[in-house]
Amino acid sequence: MSQCPICRKDSVALFRPFCSKRCADLDLGNWFRGNYRVPSAREDEIPSHEESEGEKDQYAT
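What counts as what
- Residues numbered from 1 in each chain as written.
- Predicted model: local features only at pLDDT ≥ 70, side-chain atom pairs only at ≥ 80, totals over all residues.
- Heavy atoms only, no water.
- Helix = DSSP H or I, 4+ residues; strand = E, 2+ residues; numbered from the N terminus.
- Expected span 1.5 Å × (residues − 1).
- Buried < 20%, exposed > 50% of the residue type's maximum accessible area, 1.4 Å probe, protein only.
- Arc of directions from axis to C-beta.
- Salt bridge = Lys/Arg side-chain N within 4 Å of Asp/Glu carboxyl O.
- Phe/Tyr/Trp six-rings, centres within 6.5 Å; stacked < 30°, edge-to-face > 60°.
- Polar contact = N/O pair within 3.5 Å; in protein donor to acceptor, adjacent residues only side chain to side chain.

Caption draft 1: Quick look at helix α1 (residues 21–32). Look at α1: 16 Å from first C-alpha to last across 12 residues, which is about the 16 Å you get at 1.5 Å a residue. Restricting attention to buried positions, one finds in α1 the residues Cys23, Asp27, Gly29 and Asn30. Along the axis of α1, the buried residues cluster in a sector spanning 160°; they form a single face. Gly34 lies just past α1 and shows a positive phi near 80°.

Set out below in structure tokens:
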């Protein structure tokens, strides 16, 4: 049996992978507040706004 990622109690099939609605709601709240983040491109690899605007101008007709 797996453990709840919030409180480490045994998970319950109805709320899987959580043990209760409370833990499921706490997890959802963490996502909404931005406490969890999915990795993406590194910040230094993302063109700045000014670079993006300059590129648009060079291709404008």
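Caption draft 2: Quick look at the pattern of salt bridges. Scanning all chains against the criterion turns up one salt bridge. For Asp25, the salt bridge identified is with Lys21, shortest N-O distance 2.9 Å. With Asp25 and Lys21 both in helix α1, this residue pair falls four residues apart, about one helical turn.

Caption draft 3: Up close: the packing of aromatic side chains. The final tally for this structure, using the stated rule, is one aromatic pair. Aromatic side chains Trp31 and Tyr36 sit 5.0 Å apart centroid to centroid with 70° between the ring planes, which places their arrangement in the edge-to-face category. Trp31 gets classed as partly exposed once you look at its relative accessible area, which sits at 43%. Looking at Tyr36, the relative accessible area reads 30%, which means it is partly exposed.

Caption draft 4: The side chain of Ser11, seen in detail. Mapped onto the elements of the fold, Ser11 is located in the segment before α1. A distance of 2.9 Å separates a polar atom in the side chain of Ser11 from a polar atom in the side chain of Ser2.

Caption draft 5: Examining the environment of Ala13 more closely. Relative to the elements of secondary structure, Ala13 occurs in the segment before α1. For Ala13, a relative accessible area of 69% gives the class exposed. The sequence separation of Ala13 and Met1 amounts to 12 residues, and the corresponding C-alpha distance is 9.9 Å.

Shape is all these values report; function is a separate question.
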